Amino acid sequence: LEGASEALAKEVESFGIKVTLIEPGAFRTDFNGRSLAAVEQSIDAYAPVSGASLQWFKQMDGRQPGDPTKAAQAIIQAVESPQPPMRLALGTDAISLIQEKLEWVKTNLDAWQQVSVSTDYSGR
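1. Remarks on the overall build of the protein chain
Inference 1: For the protein chain, the count of helices and strands is five helices and two strands.
Inference 2: Secondary structure elements of the protein chain occur, N-terminal to C-terminal, as α-β-α-α-β-α-α.
Inference 3: The 124 residues of the protein chain split such that 15% are buried.
Inference 4: Across the protein chain, the fraction of contacts at a sequence separation of at least 24, relative to all contacts at a separation of at least 6, is 73%.

Now the structure itself:
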């Protein structure tokens, strides 16, 4: 969704159309409760990951840090803004996850920078 939203934003900006990618953290809704659907058959290789994720969702039910009413107000604020953000992180947990991702991207970019720049033409 990030890539598609970024591409769409560039594609339609000359028409005055703004695109905002909403990046929510965990919000206190029934997403982790009665709306949570788990597959009946899982793939054995994924069981440790999917099982841990499912357990986390169940444990967080009713204890998510985000307030859905405040999230809705923040989204309305962004929609009504003359300069809405390209990305709107909602919740301290969302900010933390995005910061972790940015660090990971920077670490990867730095580690492979020499290989990356070596692909340029060298002289003509």
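Moving on from the coordinates now.
2. Considering the pairing of strand β2 (residues 87–90)
Inference 1: Covered by surrounding structure in β2 are Leu88 and Leu90 only, the residues Arg87 and Ala89 on the alternate face being uncovered.
Inference 2: Of the strand pairs in this sheet, strand β1 (residues 21–24) and β2 are connected by four bridges, and their pairing is parallel. The residue of β2 that forms the bridge with Ile22 is Leu88.

3. Some words on the pattern of salt bridges
Inference 1: Inspection of every chain in the model, using the stated rule, returns five salt bridges.
Inference 2: Notably, a salt bridge pairs Glu6 with Arg87, separated by 2.4 Å at the nearest N-O pair. Note that Glu6 is positioned in helix α1 (residues 2–12) and Arg87 in strand β2, a separation of 81 residues in sequence.
Inference 3: What makes Arg87 partly exposed here is its relative accessible area of 31%.
Inference 4: Two residues, Glu23 and Arg87, come together in a salt bridge whose shortest N-O distance is 3.7 Å. Residue Glu23 is found in strand β1, and its partner Arg87 is found in strand β2; the two are separated by 64 residues along the sequence.
Inference 5: Judged by relative accessible area, Glu23 falls into the buried class, the value being 15%.

Procedures and definitions
- Residues numbered from 1 in each chain as written.
- Predicted model: local features only at pLDDT ≥ 70, side-chain atom pairs only at ≥ 80, totals over all residues.
- Heavy atoms only, no water.
- Helix = DSSP H or I, 4+ residues; strand = E, 2+ residues; numbered from the N terminus.
- Buried < 20%, exposed > 50% of the residue type's maximum accessible area, 1.4 Å probe, protein only.
- Contact = heavy atoms within 4.5 Å.
- Pairing = 2+ DSSP bridges.
- Salt bridge = Lys/Arg side-chain N within 4 Å of Asp/Glu carboxyl O.

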